[in-house]
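# Summary of structural features
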Amino acid sequence: MKSSKKSHKKIWWSIGIIALLLLAAGGVKAYTMYTSAQKTAKQAYQKVKTPTVRNVAKVIKNKDPLNVLILGTDTGALGRKNKGLSDTMIVASLNAQKKTTYMTSIPRDTEVTINNTTQKINAAYNIGGATQSIKTVQNLLDVPIDFYVVMNMGGLKELVNSVGGVDVTPPLTFKYGSANVKKGVKTHLTGKEALSYSRMRYDDPNGDYGRQKRQRQVILAIVKKALSISSVTRFQKIMNSIQKNMKTNLTFNDMLALRFDYKNASHHVKSDTLEGTSETIDGLSYQVASMAERRKISNKIRKELGLSKTKKLTASSSSTDTTSSSTSEQSSASTSTSTSTDSYGYSTSSSDSSYTGAPTGP
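Remember, predicted model here, so these are calculated numbers, not experimental data.

It is worth spelling out the overall build of the protein at this point. Counting secondary structure elements, the protein contains eleven helices and 16 strands. In the protein, the share of contacts with a sequence separation of at least 24, taken over all contacts with a separation of at least 6, comes to 66%. On the protein, roughly 18000 Å² of surface is accessible, and the fraction owed to carbon and sulfur atoms is 52%.

If you want it as structure tokens, here you go:
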């Protein structure tokens, strides 16, 4: 009897969502958009092997603040064996109650250790895809990553065009590729112009940090424009672009929840960057973030999520050696059932092992 009630609840929940869409957009139009979005979401879905740190279903159900790791790759098509480098890496913290989004950029040259080897953080995606990127960020900053979205930056042009272009206010004047902008002057960018605007860094006095700021501008502009789309034709163009250029572990229902429960998070957007000092290691230039800087950024993100200050960051916590981490977790596992609260503020219980830190995957 209980399972029957749950089934009916699910059915009525689904009907309610569809009805809401029908009322908002009208008849066949909404149904077309709904089915198209559902199909696209299914094709874009790609589960990560890394165990979820928090119960994300519970997080979304309670409309609690959550983190989405945004990765932008710039080589080849998604799904190919050579994954490329994630030259864009942003932790977006969404808070539905406060109606805020806190975007933290991580420079692509940030120094980390992966499998006992010094690496730039943008190599994590090429080494182990989204799984490795998530593990690396969680260890670097001691923050939970609830979801990820990887976008082929080569497809940014198509995505911007699909929403009819975007408006930005440039923080500096420059010409680069197809972009020709003036500081402080609101400018409408086509897809080609937006791609150039997002890529330029050598003529920016702030280098990669300046580029990250412009990338955040473009991403936010796309999101805001997409949320206002009501045309079926325009919506379909967006879906086609996403289908070819995006992968995520957000299910269709997760996306609906974000659309309806977290849409107000875009009302107030704050941004920050993990800053480091330039150092040359083995002939290569890195950005090395100090422990104090990592703690500062960690605590800012954790505050947005309603979590306590970090207690786990140590001098070697940027390491994501999958072999040694797995061995460590196995040796410290408890064979009895236990319940504890991890550093991400979520109570966990296990009959086989206890969670002892940021997760490791195969």
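Charged atoms that come close allow side chains of opposite charge to pair. By the definition in use, this model includes eleven salt bridges. For arginine 54, the salt bridge is made with aspartate 146, and the minimal N-O distance between the two is 2.7 Å. Residue arginine 54 is found in the loop between helix H2 (27-44) and helix H3 (56-61), and its partner aspartate 146 is found in the loop between helix H4 (123-141) and strand E6 (147-152); the two are separated by 92 residues along the sequence. The pair arginine 54 / aspartate 146 is uniform in exposure class, with both members buried. Salt-bridge contacts for lysine 296 lead to glutamate 293; the nearest nitrogen and oxygen are separated by 3.3 Å. In this pair, lysine 296 and glutamate 293 both sit in helix H10 (residues 291-304), three residues apart, roughly one turn of the helix. Taking the relative accessible area as the measure of exposure, lysine 296 reaches 40% and is therefore partly exposed. Overlapping salt bridges, with partners in common, bring together Asp87, Arg108, Asp109 and Lys120 in one network.

A separate point is unusual backbone geometry. Of note, the phi angle at lysine 63 is positive, near 60°, even though the residue is not glycine. Its location among the elements puts lysine 63 in the loop between H3 and strand E1 (66-73). Judged by its relative accessible area of 36%, lysine 63 is partly exposed.

Another aspect to go through is the packing of aromatic side chains. Taken as a whole and judged by the stated rule, the model has one aromatic pair. Summarising the aromatic geometry, the rings of phenylalanine 174 and tyrosine 197 are spaced 5.7 Å apart at their centres and angled 25° between planes, so their arrangement reads as stacked. Of this pair, phenylalanine 174 sits in strand E8 (residues 174-176) while tyrosine 197 sits in helix H6 (residues 191-199), placing them 23 residues apart in sequence. The exposure class assigned to phenylalanine 174 is buried, which follows from its relative accessible area of 6%. Seen from the ring of tyrosine 286, lysine 120 lies directly overhead, with NZ or CZ sitting 5.7 Å from the centre.

Here the focus is the pairing of strand E13 (residues 277-281). With five bridges joining them, E13 and strand E14 (residues 284-288) adopt antiparallel strand pairing. In the strand pairing of E14, threonine 277 is matched with valine 288. Linking two consecutive strands that pair antiparallel, namely E13 and E14, is a turn of two residues; a positive phi of about 55° is found at aspartate 282 within it.

This paragraph deals with the packing of H4 against H10. In helix packing, the relevant descriptors are the interaxial angle and the interaxial distance, both defined with respect to the helix axes. At a minimum axis separation of 8 Å, H4 and H10 run at an interaxial angle of 105°. Here H4 lies roughly perpendicular to H10, going by the angle between them. Contacts between H4 and H10 pair Asn139, Leu140 and Leu141 from the former with Arg294, Ile297, Ser298 and Ile301 from the latter. Its residues assigned to classes, the contact of H4 with H10 shows four nonpolar, two polar and one charged.

This part is about the side chain of aspartate 142. Topologically, aspartate 142 is positioned in the loop between H4 and E6. One polar contact links aspartate 142 to threonine 310, side chain to side chain, over a distance of 2.6 Å.

Below, the discussion takes up the nonpolar core. Counting 51 residues, the largest nonpolar core has Leu66 and Tyr197 as its most contacted members. Ranked by the residues each element gives to this core, the list is headed by H2, at five residues. The contact partners of tyrosine 197, leaving out residues within four places of it in the chain, are Val168, Thr169, Pro170, Pro171, Phe174, Ala179, Val181, Leu189, Arg214, Gln217 and Val218. Judged by nonpolar contacts, the second largest core, of 27 residues, contains Met89, Leu140, Val143 and Ile297.

The next thing to look at is the sheet that holds E1. Taken in spatial order, the six strands of this open sheet run E11-E6-E1-E2-E3-E12, and their pairing is mixed. A single partner strand is all that each edge strand has here, and the edge strands are strand E11 (246-248) and strand E12 (268-273). Between one strand and the next, the sheet's axes are offset by a mean angle of 20°, whatever the strand orientation. Bridge analysis of E1 against E6 gives six bridges, and the strand direction is parallel. In the strand pairing of E6, leucine 69 is matched with tyrosine 148. Contacts from H4 reach E1, strand E2 (86-95) and E6, with the element oriented near 155° to E1.

For the rest of this paragraph, the subject is the pairing of E1. Most of E1 is tucked away: eight of the eight residues are buried. Burial of the side chains of E1 extends over both faces: Leu66, Val68, Ile70 and Gly72 are buried on one face and Asn67, Leu69, Leu71 and Thr73 on the other. Sheet topology note: the E1/E2 ladder contains eight bridges and is antiparallel. Each residue of the ladder has a partner; that of isoleucine 70, found in E2, is isoleucine 90.

Moving on to the side chain of threonine 101. Following the sequence through the fold, threonine 101 ends up in strand E3 (residues 100-105). Of the polar contacts made by the side chain of threonine 101, one reaches the backbone oxygen of alanine 265; its length is 2.7 Å. Filtering out sequence-adjacent residues up to four positions away, threonine 101 remains in contact with Ser93, Leu94, Ala265, Ser266, His268, Val269 and Lys270.

Calculation rules
Residues numbered from 1 in each chain as written. Predicted model: local features only at pLDDT ≥ 70, side-chain atom pairs only at ≥ 80, totals over all residues. Heavy atoms only, no water. Helix = DSSP H or I, 4+ residues; strand = E, 2+ residues; numbered from the N terminus. Contact = heavy atoms within 4.5 Å. Areas by Shrake-Rupley, 256 points an atom, 1.4 Å probe, with all protein chains shown as cover. Salt bridge = Lys/Arg side-chain N within 4 Å of Asp/Glu carboxyl O. Buried < 20%, exposed > 50% of the residue type's maximum accessible area, 1.4 Å probe, protein only. Phe/Tyr/Trp six-rings, centres within 6.5 Å; stacked < 30°, edge-to-face > 60°. Lys NZ or Arg CZ within 6 Å of the ring centre and 35° of its normal. Pairing = 2+ DSSP bridges. Axes fitted to C-alpha atoms, helices over the stretch in contact; angles between N-to-C directions. Parallel < 35°, antiparallel > 145°, perpendicular 65-115°, else oblique. Nonpolar A, V, L, I, M, F, W, Y, C, P; charged D, E, K, R; others polar. Polar contact = N/O pair within 3.5 Å; in protein donor to acceptor, adjacent residues only side chain to side chain. Core = buried A, V, L, I, M, F, W, Y, C linked by side-chain atoms within 4.5 Å.

So far we have only geometry, and geometry alone does not tell us how the molecule works.
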